[in-house]
Amino acid sequence: MTEQQFPIRVYYEDTDAGGVVYHARYLHFFERARTEYLRQFGVSQQSLIDEFDLAFVVKKADIDFILPARLDDALLVTTSISEIRGATVFFEQHLMHGDTALCKALFIIACVNLSKMKPQPLPAALKQLLSTPKE
């Protein structure tokens, strides 16, 4: 499936007193990249709510912190979908500094009906859209 690259700059607000990125900020970086990944298909979080009464929620996050990112680093998040199954989307993400991997993650995202707060399979059109490679 399609892979997207999303640039991130490390700002002072992302770091601790030593200039190292605080571990929770990686979640922010990955969330932004997943949101922009959907946008490349013409899908926004708001459109999912408006059109389908559904939202994506993180069910599981498996994160491997390899090396620290630091203040002012120019980073790149790569995002791809490895599998779509029923109400579940598997996102693989990597945070890179040049050719060096700093962090890698697998996010299992559940599609949830907001009115019922229960899992709902992805609409067929959305599943097809996300399964189609983008150029």
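Keep in mind it's a predicted model, so treat the numbers as computed, not measured. (Residues numbered from 1 in each chain as written. Predicted model: local features only at pLDDT ≥ 70, side-chain atom pairs only at ≥ 80, totals over all residues. Heavy atoms only, no water.)

## Considering the overall build of the protein
A tally of helices and strands in the protein yields three helices and six strands. Listing the helices and strands of the protein from first to last along the sequence gives β-α-α-β-β-β-β-β-α. The C-alpha radius of gyration of the protein comes to 16 Å, within 12% of the 14 Å expected for a compact globule of 135 residues. Along the first, second and third principal axes, the C-alpha set of the protein runs to 45 × 35 × 20 Å. (Helix = DSSP H or I, 4+ residues; strand = E, 2+ residues; numbered from the N terminus. Rg over C-alpha atoms; globule rule 2.2 N^0.38 Å.)

## Considerations on a nonpolar patch on the surface
On the surface, Ile 49, Leu 114 and Met 117 cluster together into a nonpolar patch covering about 260 Å² of accessible area. The residue Leu 114 is located in the loop between strand 5 (100-113) and strand 6 (118-119) in this model. (Patch = residues over 30% accessible without salt bridge, like charges linked within 9 Å, V, L, I, M, F, W, Y side chains within 5 Å. Areas by Shrake-Rupley, 256 points an atom, 1.4 Å probe, with all protein chains shown as cover. Salt bridge = Lys/Arg side-chain N within 4 Å of Asp/Glu carboxyl O.)

## A look at the side chain of Thr 78
Its location among the elements puts Thr 78 in strand 3 (residues 74-85). Not counting residues up to four positions away in its chain, the partners in contact with Thr 78 are Glu 3, Gln 4, Gln 5, Glu 92, Gln 93 and His 94. (Contact = heavy atoms within 4.5 Å.)

## Focus on unusual backbone geometry
Positive phi is not limited to glycine here, since Asp 53 has a value of about 55 degrees. Its place among the elements puts Asp 53 in the loop between helix 2 (45-52) and strand 2 (54-65). Asp 53 sits in the partly exposed class, given a relative accessible area of 25%. Positive phi outside glycine occurs at Met 117, with the angle close to 55 degrees. The residue Met 117 is located in the loop between strand 5 and strand 6 in this model. The exposure class of Met 117 is exposed, given its relative accessible area of 56%. (Buried < 20%, exposed > 50% of the residue type's maximum accessible area, 1.4 Å probe, protein only.)

Purely spatial values, then, with no claim about function.
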